[in-house]
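Each chain is listed here by its residues.
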Amino acid sequence: MFLTVFLVVVLIQYSSAAECTPGETKRIDCNNCSCTPTGIWACSRRTCPSKRAAKCTPGESYKVDCNTCVCGKDGETSACTLRVCAH
């Protein structure tokens, strides 16, 4: 019984430690993130300029991290989904 309880406590501590330390901050692309009091990242959801420097084919879709982008009609701008990606 003691071993089972000990393993559960260790696993709970490990899983909560895997996220972040409350008050910690970081930047992901153009978004600011801070660690909540419960140890989970909370990030702004700004639309970041595409990381793709080259021109693209209008209507072409491509991936940036876990997001999907679609090239605009001018071949220079893109619109991307705003999913929070695990880094």
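The rules behind each value
Residue positions are given per chain, counting from 1 as you read along its sequence in written order. Predicted model: local features are reported for residues with pLDDT of at least 70 only, side-chain atom pairs are reported and counted for 80 or more only, and whole-chain, interface and lining totals are derived from all residues. The basis for every side-chain value is the complete set of non-hydrogen atoms in the structure, without hydrogens or water. Working definition: helices are DSSP H or I runs of at least four residues, strands are E runs of at least two. Numbering for both runs from the N terminus. Between buried and exposed lies partly exposed: a residue is buried under 20% and exposed over 50% of the maximum accessible area for its type, with that area taken using a 1.4 Å probe on protein chains only. Residues are treated as being in contact if the distance between any of their heavy atoms lies within 4.5 Å. Methods summary: accessible areas were calculated by the Shrake-Rupley approach with a probe of 1.4 Å, and residue burial reflects only the protein chains presented. Pairing between strands requires that DSSP locate at least two bridges from one strand to the other. Note on method: axes are straight lines fitted to C-alpha atoms, helices fitted across the in-contact stretch only, with angles between N-to-C directions ranging 0 to 180 degrees. We call a set of buried residues a nonpolar core when its members are Ala, Val, Leu, Ile, Met, Phe, Trp, Tyr or Cys and they connect through side-chain atoms within 4.5 Å of each other.

Naming follows an unreviewed UniProt entry, where the protein chain appears as Pacifastin inhibitor (LCMII) of Popillia japonica.

Below, the discussion takes up the overall build of the protein chain. Scanning the protein chain from N- to C-terminus turns up one helix and six strands. Counting from the amino terminus, the protein chain carries its helices and strands in the arrangement α-β-β-β-β-β-β. A buried classification covers 20% of the 87 residues belonging to the protein chain. Residue pairs at least 24 apart in sequence account for 7% of intrachain contacts in the protein chain once pairs closer than 6 positions are excluded. Total accessible area on the protein chain stands at roughly 6,600 Å², and carbon and sulfur atoms take up 61% of it.

We now examine the sheet that holds strand E4 (residues 61-64). Taken together, three strands build an open sheet; the order of strands is E4-E5-E6 and the sheet is antiparallel. Each having just a single partner strand, E4 and strand E6 (78-80) make up the two edges of the open sheet. Adjacent strand axes in the sheet meet at a mean angle of 30 degrees, parallel and antiparallel pairs treated alike. Pairing of E4 with strand E5 (residues 67-71) involves four bridges; the strand directions are antiparallel. Of the residues in E5, the one forming a bridge with Ser61 is Val70.

Turning our eyes to something else, we now look at the environment of Cys33. On the secondary structure map, Cys33 appears in strand E2 (residues 31-35). Remark: the alpha-carbon pair of Cys33 and Cys43, spanning 10 residues in sequence, is separated by 4.0 Å. Every residue in contact with Cys33, bar those within four places of it in the chain, is listed here: Glu24, Thr25, Lys26, Ile28, Trp41, Ala42 and Cys43.

Counting five residues, the largest nonpolar core is built from Cys20, Ile28, Cys33, Cys35 and Trp41. Aside from chain neighbours lying at most four places away, what touches Trp41 is Glu19, Cys20, Glu24, Thr25, Lys26, Cys33, Ser34 and Cys35.

Let's shift gears to the pairing of E2. On a regular strand, each side chain points to the face opposite its neighbour's, so the side chains alternate between the two faces of the sheet. Here E2 shows a buried face lined by Asn31, Cys33 and Cys35 and an unburied face lined by Asn32 and Ser34. As defined by bridge partners, strand E1 (residues 25-28) adjoins E2 across four bridges and the pair is classed as antiparallel. Counted as the bridge partner of Ile28 is Asn31 from E2. By the bridge criterion, three bridges tie E2 to strand E3 (residues 41-43) in an arrangement that is antiparallel. Pairing of Cys33 across the sheet is with Cys43, part of E3. Counted between consecutive antiparallel strands, the loop separating E2 from E3 contains five residues, among which Gly39 sits at a positive phi close to 85 degrees.

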